[in-house]
Structures are given as C-alpha cells and as structure tokens.
Amino acid sequence: MGLKTSFRGVSLPPQKVSNPAIENAPLPKRVVLPLGQSENRVCKPVVEVGEHVKTGQLIGQSDDFLVAPVHSSVSGTVTEIRPWSDLSGNKMPSVIVESDGNDSWLEEIRAHEDFSDKASAQLLPDVKAAGVVETGPPSMPLHAKFTKPEPSKEFQFLVGIPQSKPVDTVIINGIDAEPGMAAKGAVLTKYSSEIADGIRILQKLIGSAQMVLAVGSNGSVSSPLSGELAGLGVQVFQGKDKYPLGLNPILIKCVTGREIPLPDGTEQDIGVAVVDAVTLVHLVEAVRDLKPQVDKIVSVSGAGITAVKNYKVRLGTLVQDLAEQLAGLQGDPVKVIAGGAMTGVALLSTDIPVTKETDALIFQTAAEAKSFSPDACINCGLCVRHCPSRLLPNELSKYCEFSMFEEARDKYLLHCIECGICAYVCPEKRPMLHLLRYGKRELSLA
Amino acid sequence: MEKAISLEKPMLRVSVAPHIQQKITTSHLMYNTLIALVPALLAGIYFFGFASLKLALICMATAVACEAGMQGVMGRKLTIKNGSSLVLGLLFALICSPELPWWTAVLGVAVAVILGRGIYGGLGNNPFNAVLVGWAVAKISFPAQMATWIMPEPLFGLEAGGYIEYPPLEVLRLDGVDALLDLPWRDLFIGNVPGTIGTVCVAAVLIGGIYLLARRIITWHIPVSFLASAWLFGLIFWLIDPEVYANPTVYLLSGWMALGAFFLATDKGTVPVTAPGMIIFGIGCGLLTMIIRYWGGFVDGVAFAILLMNALTPLLDRVRPRVYGRVKEVA
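Residues numbered from 1 in each chain as written. Chains lettered and ligands numbered in written order. Predicted model: local features only at pLDDT ≥ 70, side-chain atom pairs only at ≥ 80, totals over all residues. Heavy atoms only, no water.

This paragraph deals with the interface of chain B and chain A. Taken together, the contacts link 43 residues of chain B with 74 residues of chain A. Summing both partners gives a buried area of about 5100 Å² for chain B against chain A, and 55% of it is carried by carbon and sulfur. Its largest share of buried area at the contact with chain A, chain B owes to His19(B), Gln21(B) and Tyr324(B), together 18% of the area lost on that side. Across the chain B-chain A interface, the total number found is four salt bridges. Of the residues contributing to the side of chain B that touches chain A, the split by class is 18 nonpolar, 12 polar and 13 charged. (Contact = heavy atoms within 4.5 Å. Buried area = accessible area lost by both parts, 1.4 Å probe. Salt bridge = Lys/Arg side-chain N within 4 Å of Asp/Glu carboxyl O. Nonpolar A, V, L, I, M, F, W, Y, C, P; charged D, E, K, R; others polar.)

This is how it looks when you write it as structure tokens:
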C-alpha cells in the first residue's frame with residue numbers, strides 16, 4: 001500500500017541510528033512525577049509525604065475522563081508533593097519519590113494475562129487504569145481516543161464541521177517523523193510480537209476498523225511479523241523518506257485520502273485514529289501484563305551521540321540525571337531539546353522530568369545549536385514551495401509579526417500543522433514557526 | 001530541591017523550533033545567481049570587448065555603494081555582503097549597451113537601488129523589479145544614450161557578424177521581416193549581433209538559467225510559461241501573416257527574451273510565490289512582451305511586460321491551491 005496522494009515537504013538530512021536495540025536506562029535515584037498533562041487537567045495525589053510506595057503503585061488519579069492516572073515508577077519514599085516546572089515552564093503539582101534502589105513491584109502485576117477472551121468493555125478500563133498516554137501531538141490518554149466522542153460534538157454539525165463518525169480506520173504510526181527520533185523504527189523490529197498483540201487489542205477495542213501499519217524508510221516489518229499482520233488483516237503502508245509524512249495530519253491524508261477538517265476538527269471527525277507504535281507497546285504491557293505505564297522509550301542523540309540511541313527510561317527521571325548516566329555524551333551541550341529536531345521544545349533547565357509525552361531528547365553543542373535572525377522576509381517563496389498545508393507562510397509570518405492576527409486567520413493561519421518546514425528552509429533564518437504559533441496563540445486568547 | 005538557575009553554570013540556550021536549519025541562505029541564493037550571470041557577462045566581453053566588463057564593474061560598485069549609503073542613512077543593518085546589490089548592478093549592466101556613458105549607468109543603478117528597492121525596505125519588499133525600474137528611468141530620460149549600438153567584434157575565433165547594424169528587433173521594426181531573412185539563427189543564438197551586453201548571447205543566458213534551475217534557485221514555472229506563451233502567441237501571428245510577423249523562434253532568440261525569462265521575471269519578491277500564480281505571471285509576461293514587440297511604442301517589450309505583471313503580483317498570490325483541511329463554510 002503506497003501513498004494515496006502527494007504532499008509538499010522536504011527531505012531532511014538522513015540520520016544514523018545505532019542498532020535497533022532498546023537499552024534500559026539506569027534506575028534513577030529520584031523521580032519527579034507530574035500529576036497531570038496540562039494545567040487544568042490534574043490528578044489528586046493518593047499518597048502522602050513519607051509514605052513508602054512500590055513500583056507501579058497508584059499515586060494520583062482523577063475523575064476527569066481526559067486525565068490519565070499516575071503511578072510510581074520506582075519503589076521508595078515519597079519525599080515531597082509540590083509544584084515542579086514542566087517543559088514550558090508551567091508549575092505542575094508533582095510527587096517526588098526517592099528510590100530505595102530495590103525496584104520492588106506491586107505484587108498484583110502479573111505477566112501475560114490472557115486477553116483473548118476479554119471483551120472490549122473489560123479492556124477499556126484496563127487501558128484507563130494503566131494510565132497509557134498517546135504521545136501525540138495531540139497528547140491524550142489512550143482510552144479517550146477509543147471512546148465514543150462526547151455528544152456535544154454533534155452541535156458542531158450546525159457550524160459546518162462534519163459530524164463525528166465512528167472510527168473506521170486505525171493507523172499505527174511507525175514512521176519516525178523527525179531527526180532525533182528513532183524509537184518507532186526500533187519498536188517495529190524489537191517488539192514485533194508486542195506490535196501484533198497490540199493490533200489484536202486494538203481490534204477488540206474498536207471492532208471492525210481497517211488497521212494500517214505505516215512504516216517509513218527507517219523501519220521495516222520483519223518477515224514473521226508481516227505474516228502475522230497479513231493474518232490479522234492489517235495493511236502495511238510503505239512511506240517514503242520525506243518530512244512531514246510522519247506527522248498525523250499528513251499521514252492520515254496519505255493513507256486514507258481524507259483531511260482533518262481544520263481549524264477545529266480532530267482525527268475523530270473523519271473516523272480515523274492514529275496510534276503511535278511506541279504507545280502501542282505500552283498498551284500491550286498494560287493489557288497483557290496488567291502493568292501500568294511506568295516507563296517510556298526515548299530516543300537520545302546529539303553532543304557526541306551521532307547515531308540515535310533508544311532507551312527505556314523510567315518516567316520522572318530528570319533529564320539532568322539521565323544525561324549524567326548516559327555513555328557517549330561529550331562536549332558541553334548548550335541546548336537540550338525535548339522532542340524531535342523539527343518540532344521539539346528547547347528546555348529552560350535540565351531539571352525537567354521525562355514524561356509519557358517525551359519521545360526524544362537531543363543534546364546540541366554550541367556548534368550544532370542554531371539561532372534565528374530578526375531580518376525582514378525577502379519573499380523568496382521557498383516556504384511556500386515546501387508548505388505541506390499549502391499556505392503562504394511568508395505572508396502569515398508578516399501578519400503575525402505585526403500583530404495583524406485577524407488577517408492571518410482569514411489567510412488560513414489556523415490550518416498550519418506546525419511542522420516547522422518554513423523555518424527550516426528560510427534563507428533569512430526567520431523564526432517562522434514561532435511567529436505562526438504566536439499568532440495562533442493570540443487568536444486562541446481573543 | 002529544584003535548583004535555581006545558577007549564574008556560575010552556563011545557562012542553556014533556549015530557542016524556538018525547529019532546531020535544525022537548511023544551509024541555504026540569502027547569500028547562497030544571490031551568489032548562485034551571480035555565478036549564473038557570469039556566462040552572459042563573458043559572452044558580452046567576448047563580443048563587445050572590455051568596455052562591457054568596465055560597465056559591469058561600474059554598475060556593481062555603484063549598486064553596493066548606494067545600498068550601503070541607503071542602509072546607513074536609514075539606520076538599518078548593513079546587508080551588502082549578501083550579494084543582492086552585486087546581482088542588481090550586474091543585471092543592470094547586462095541589459096545596457098556596452099557604449100553606455102558611465103554617468104547614465106551610475107544614475108540608473110542609483111535609481112534602481114534607492115528608488116527601486118531601498119525606500120520600500122530593501123531586498124524582497126519592493127513591488128517592482130528594481131533593475132527594470134532603474135533601466136526604465138534611464139531609458140525614458142536618456143533615450144539617445146540608451147540606444148547607442150556597436151557592432152560585435154569577437155575577441156578571437158569567430159568572424160564578426162555583419163548582417164545587421166542594429167539589434168535584430170530594431171531591424172524588424174524599421175525594415176520589416178525581409179531584412180532578417182538572411183540572418184543565420186546561429187548568430188542570433190550565440191550573440192553575434194548588435195545589442196546589449198548580456199542579452200545578445202542566448203546560449204550563455206541559457207547556461208546560466210539551467211544552472212539556476214539545477215541548483216533550485218528558481219523553479220521552472222515562470223521561465224517555461226514565459227517562453228512558451230510568447231512562442232505560441234508568435235506562432236499564431238506568424239501563421240496568420242508571415243509577411244508582417246517574423247518566425248516566433250526569431251523573437252525568442254532576439255532581444256531580452258531569455259534573460260528576462262530566467263533572471264528578470266524570477267526576481268525574488270516581485271513575482272508571485274504560488275505555482276499557479278507563477279504560471280499566470282509567466283504567461284502574462286510572454287503575451288505582453290509580444291504585444292509590445294508587435295504593436296507597442298518600444299522595440300523590446302520584456303522590461304515593460306515584467307513591470308506591468310509585477311503590479312499584478314499581489315493579486316496573483318491570491319491564486320493558490322486549496323489549503324489543507326479546509327471545509328466549505330456554511331454561511
């Protein structure tokens with residue numbers, strides 16, 4: 001199965017990936033576990049300071065449907081419950097656990113639960129209880145993705161956005177979208193039995209949906225897996241090496257031919273669910289092993305690590321602690337990026353915990369770190385030539401630069417998928433993506 | 001405890017995404033354009049002697065000086081290093097006669113840099129092609145100086161082409177189609193005819209144009225639609241009356257057509273950026289060029305065709321493909 005449509009984009013410099021093995025990162029001495037995914041969706045802590053917790057023990061939960069429960073990722077003592085800065089500098093209530101170094105798990109966690117005769121209604125609570133979160137963007141608890149949309153969505157029919165549809169296509173995104181990311185390709189090779197099990201679980205959860213496994217040039221489907229996939233009725237979509245194929249809006253367009261209705265629509269509106277291949281592995285561990293999500297597969301690169309390495313990192317490990325333990329990290333990194341090289345966030349401080357949304361960490365030395373310039377646009381049109389949303393980023397960036405946000409909205413600013421190509425190709429090195437995001441944020445506050 | 005940012009330890013650099021950038025810079029675009037213009041300049045030197053080189057150097061020096069002066073007066077960042085004023089100066093020289101008095105050249109280039117570009121905010125923000133603005137001012141103010149033609153005298157090798165004493169389009173206009181019947185197309189193609197420094201040798205311009213396309217500095221849309229529409233338009237009239245209208249290929253090989261299509265009509269900032277917009281722009285340039293050549297007041301229409309189409313650029317940028325995820329608005 002190949003591309004249903006062509007799209008504009010760029011060929012990014014190829015990256016080296018060290019063998020697809022996924023190493024376990026050393027057990028951290030201390031973890032910082034944020035109790036929520038965003039400011040207004042936060043769990044209540046169910047442990048107290050001084051309490052001893054085991055690995056996998058529930059430490060925070062919420063009645064809110066869109067909040068995943070939080071579990072301790074090490075065994076040890078809760079030393080503090082207090083706000084801690086997240087990626088963007090917001091303070092998030094967090095539970096801090098000092099590890100006792102034993103990593104003793106809760107006894108209830110059994111390996112290899114036979115899920116084959118469980119019904120979908122039984123599986124979904126398991127997924128919710130395990131706190132599996134889809135990496136995104138947009139990041140959300142995985143169970144929310146497979147639950148019927150809220151009825152209020154139907155009202156959007158009146159304002160021209162298509163009515164929500166049941167999911168008829170599930171795309172497993174196995175394409176490592178940006179430089180710095182290599183986890184999906186590694187998972188496809190290393191966890192092929194989990195991928196197959198994960199697809200079985202998805203089939204139970206969703207019922208009669210067409211499953212598509214999207215792989216890029218980074219990963220390949222091994223022959224036993226491809227046989228199994230054929231048996232499960234899964235189509236394999238072979239992507240090409242062009243950014244931003246791995247980003248959900250473009251991937252959906254290329255696999256199904258459908259577009260997410262923007263600005264307000266989501267993939268659920270067109271009956272599609274995209275599941276990250278790495279999230280799928282965590283899903284399998286939740287349902288088959290009844291193991292809550294306590295770790296995350298993270299790709300690490302930069303500053304001496306030329307070939308991207310994949311690590312299974314305990315949630316809540318501080319980037320600083322992880323960096324000190326990693327072999328091969330050389331030089332003085334001046335920039336630390338959470339996420340891929342195209343859309344990732346540069347960290348203010350290395351005291352930031354690894355969360356369920358962290359998919360890559362890039363350490364850049366002074367020579368690797370880029371900066372932007374405040375120069376005027378020269379209207380060369382390179383960004384227009386490469387924009388996958390077919391926008392005119394040159395014009396939009398000027399509108400946003402001079403606070404003409406309404407004009408920018410009329411020129412479809414909200415259809416931008418924030419892939420970052422305009423800033424990547426800009427010969428004047430203007431901060432294009434930043435200007436467009438700034439305009440979007442201003443419009444959302446208006 | 002969360003550490004406060006300590007000033008002893010170097011702080012992390014924070015910047016917005018993306019964290020990698022393509023190597024292409026404005027200087028890269030401009031110096032590649034300059035490289036692409038070198039064959040045309042060499043051809044000019046070959047056919048018209050070192051007067052061509054002298055004029056080119058005068059124009060380039062004037063352009064850089066005006067740009068620096070302009071940016072100094074306006075208190076803006078000095079950007080002469082990016083090569084855009086060198087390209088402007090060289091392009092101006094290439095569309096002038098090698099006999100052009102130096103003061104006319106200096107005046108034209110100064111107008112181009114200051115009134116054509118600088119006052120709008122510099123590179124890429126001018127509505128009209130700056131080179132052509134400067135040229136048009138010089139052409140209208142000093143028509144006699146701008147129309148002094150010398151015969152080609154190749155430095156070595158070739159024999160001087162002596163079939164015509166004026167540029168081919170002037171001959172067509174003054175003496176009619178028959179006067180050009182004896183002129184070998186080969187002379188037109190390699191530039192062995194009177195004319196401006198950089199436009200006589202179509203072969204050299206084509207080499208530069210293909211270089212630009214190969215380095216992806218320009219896209220095919222404008223040159224191809226420009227040349228194709230001009231040729232097809234010429235073909236129609238040639239088929240109607242070959243006694244009045246010359247073979248369309250002669251029109252393609254003479255005057256500024258090639259330089260216009262590859263270098264002047266692809267000037268960054270003054271032309272549309274969407275693919276359909278660029279194609280309409282090219283077609284408009286091609287048709288207007290031929291219309292001016294057939295019936296207009298000026299012998300060669302390329303400059304005014306491009307200037308007229310520049311005025312339409314903001315409109316043509318509205319012609320664009322459907323954006324991702326657009327649903328029909330229900331009013």
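The next thing to look at is unusual backbone geometry. Along the chain, Tyr243(A) connects to Pro244(A) via a cis peptide bond; the corresponding omega equals 5°. For Pro244(A), the position within the fold is in the loop between β15 (234–238) and α6 (248–256). Residue Pro18(B) is reached from Ala17(B) by a cis peptide bond, and omega for that bond is -5°. Position of Pro18(B) among the secondary structure elements: in the segment before α1 (26–48). In this structure, Ser403(A) is a non-glycine residue whose phi angle is positive, near 60°. (Helix = DSSP H or I, 4+ residues; strand = E, 2+ residues; numbered from the N terminus.)

Before going further, it helps to examine the pattern of salt bridges. Scanning all chains against the criterion turns up 19 salt bridges over all chains. A salt bridge links Arg293(B) to Asp300(B), with the nearest nitrogen and oxygen atoms 2.9 Å apart.

Attention now goes to the packing of aromatic side chains. Evaluated as defined, the whole model comprises 16 aromatic pairs over all chains. Between Trp103(B) and Phe142(B) the ring centres are 5.1 Å apart and the planes differ by 85°, which places this aromatic pair in the edge-to-face class. Note that Trp103(B) is positioned in helix α4 (residues 102–115) and Phe142(B) in the loop between α5 (130–141) and α6 (143–146), a separation of 39 residues in sequence. The interplanar angle of 90° and the centroid separation of 5.3 Å between the aromatic rings of Tyr251(B) and Tyr294(B) together place this pair among those described as edge-to-face. In this pair, Tyr251(B) sits in helix α11 (residues 248–253) while Tyr294(B) sits in helix α13 (residues 275–295), placing the two residues 43 residues apart along the sequence. Assessed through its relative accessible area of 6%, Tyr251(B) is described here as buried. Connected via pairs of aromatic rings, a cluster forms that spans Phe233(B), Phe237(B), Tyr245(B), Tyr251(B), Tyr294(B) and Trp295(B). The ring centre of Phe7(A) lies 4.8 Å from the NZ or CZ of Lys242(A), which sits over that ring. (Phe/Tyr/Trp six-rings, centres within 6.5 Å; stacked < 30°, edge-to-face > 60°. Buried < 20%, exposed > 50% of the residue type's maximum accessible area, 1.4 Å probe, protein only. Lys NZ or Arg CZ within 6 Å of the ring centre and 35° of its normal.)

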